[in-house]
Amino acid sequence: MPGGRLSHQERRAIAAGLTDGLGYAEIARQLDRPTSTISREVARNGGGRGYRADHAHYATSSRARRGRPAMPKPLSDADEYAEKFAAIMVDGGLPRMAARVLARLYTADSRSLTAAQLVHALQVSPASISKAIGYLEQVGMLHREPDPRRRLQHYVMAEDVWQKAWQVSSQTNQSWADTAAEGAALFGDSAAGRRLAQMADFFQVLAEDMSGGAGFEVVDDALTVLATYREAGRVVDADQVAAVLDWPPERVVAALEVASATRLTPEQRAALASAE
């Protein structure tokens, strides 16, 4: 039947035609098949001089049994969200595989995942996962925890992961500023030097605004103070917080002023008002 698979008998007819010196077009007419079908069949199975019907039939049946690779399963809503989440982080400058690993950790039901689980979830090689984990560990966005029962490493996302990401961005901006300043000094009062000097000024200001100055430290202090109130579960004054944290009272007061300027719940505002 034209278009269907060649039968064993048809392959024997092809072998006989080749032995008799017939061309592909003539064999195709005798079998009511397209000439291209005959030419591909012969080319795949030894060529005009090496074609053997039995061997060709066995080889084709073997390929059919192996079948085609399975189509990838459609992503679930959670998987699609994780990939979208990762894409946003990539746009923000995070390496793609590191972003995919971080997104999976952030959206997982458990607090940690193993390398094997990440390989399965992301359908990538163990080497890709290892490289991404190494980067995230280096910037402090996750850490390892050994499994006491098995020889496995669990990867846990840092609790202050976004603060770490902010700091990494700031460090990157500082590197840009330092490199541009070095170039400005090298090229001096030239077009290139002026461009690099302008670039250095821009990234230096950006780095300082993000984390270089005391302002960032005060915001971090404010978060620490709020966490202390949450742990206490009751209203405490600034002196008590200072004693718990082993800070000077002035540092607590400065953190409270920053915290009170942010959007807080009524309970947090009441706690801060009492402390002040």
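Residues numbered from 1 in each chain as written. Predicted model: local features only at pLDDT ≥ 70, side-chain atom pairs only at ≥ 80, totals over all residues. Heavy atoms only, no water.

## Comments concerning the packing of helix α1 (residues 8–19) against helix α2 (residues 24–31)
- For the pair α1 and α2, the least separation of the axes is 10 Å and the interaxial angle reads 145 degrees. When the axes of α1 and α2 are compared, the crossing they make is right-handed. Touching E10, A13, I14, G17 and L18 of α1 are Y24, I27 and L31, all from α2.
- Along the lines of polarity and charge, the residues of the contact of α1 with α2 split into six nonpolar, one polar and one charged. (Axes fitted to C-alpha atoms, helices over the stretch in contact; angles between N-to-C directions. Helix = DSSP H or I, 4+ residues; strand = E, 2+ residues; numbered from the N terminus. Left-handed = near helix turned anticlockwise from the far one by under 90°. Contact = heavy atoms within 4.5 Å. Nonpolar A, V, L, I, M, F, W, Y, C, P; charged D, E, K, R; others polar.)

## Structural notes on helix α13 (residues 238–245)
- Considered for burial, the residues of α13 that qualify are A238, V241 and A242. Taken end-on, α13 shows its buried residues confined to a sector of 100 degrees, consistent with a single buried face. Across α13 from its buried face, at more than 90 degrees, point the exposed residues D239, A243 and V244.
- A positive backbone phi angle near 60 degrees is found at D246, which sits one or two residues after α13. (Buried < 20%, exposed > 50% of the residue type's maximum accessible area, 1.4 Å probe, protein only. Arc of directions from axis to C-beta.)

## A few points about the pattern of salt bridges
- Considering all chains together, one arrives at 10 salt bridges under this definition.
- Between R104 and D79 there is a salt bridge, with its nearest N and O atoms 2.7 Å apart. Remark: D79 occurs in helix α6 (residues 77–91) and R104 occurs in helix α7 (residues 96–107); sequence separation between them is 25 residues.
- Taking relative accessible area as the criterion, D79 reaches 24% and is therefore assigned partly exposed.
- Salt-bridge contacts for D189 lead to R194; the nearest nitrogen and oxygen are separated by 3.0 Å.
- R194 sits in the partly exposed class, given a relative accessible area of 49%.
- If you follow the salt bridges from partner to partner, you end up with D79, E83, R100 and R104 in one network. (Salt bridge = Lys/Arg side-chain N within 4 Å of Asp/Glu carboxyl O.)

## Some details on the environment of K131
- Summarising the element assignment, K131 is placed in helix α9 (residues 126–138).
- On the basis of relative accessible area, K131 is assigned to the exposed category, the value being 67%.
- Separated by 34 residues in the primary sequence, K131 and M97 have C-alpha atoms spaced 8.4 Å apart.

## So, the pairing of strand β2 (residues 142–146)
- Pairing analysis gives five bridges linking β2 to strand β3 (residues 153–157), with the strands arranged antiparallel. Each residue of the ladder has a partner; that of L142, found in β3, is M157.
- If you look at the hairpin formed by β2 and β3, you'll find six residues sitting between the two strands. (Pairing = 2+ DSSP bridges.)

## Here's the deal with the side chain of R100
- You can see R100 is positioned in helix α7.
- Among the polar contacts listed, one links the side chain of R100 to the side chain of E83, at a separation of 3.1 Å. (Polar contact = N/O pair within 3.5 Å; in protein donor to acceptor, adjacent residues only side chain to side chain.)

## Observations concerning the packing of aromatic side chains
- Scanning all chains against the criterion turns up four aromatic pairs.
- On the basis of an interplanar angle of 40 degrees and a centroid distance of 5.9 Å, the ring pair of Y81 and F85 is categorised as tilted. Of this pair, Y81 and F85 both sit in helix α6, four residues apart, which is roughly one turn of that helix.
- On the basis of relative accessibility, which here comes to 17%, the residue F85 falls in the buried class.
- In textbook terms, an aromatic cluster arises when at least three aromatic residues are bridged by ring pairs, as seen for Y81, F85 and Y106.
- Taking the ring centre of W247 as reference, the NZ or CZ of R251 above it sits at 3.9 Å. (Phe/Tyr/Trp six-rings, centres within 6.5 Å; stacked < 30°, edge-to-face > 60°. Lys NZ or Arg CZ within 6 Å of the ring centre and 35° of its normal.)

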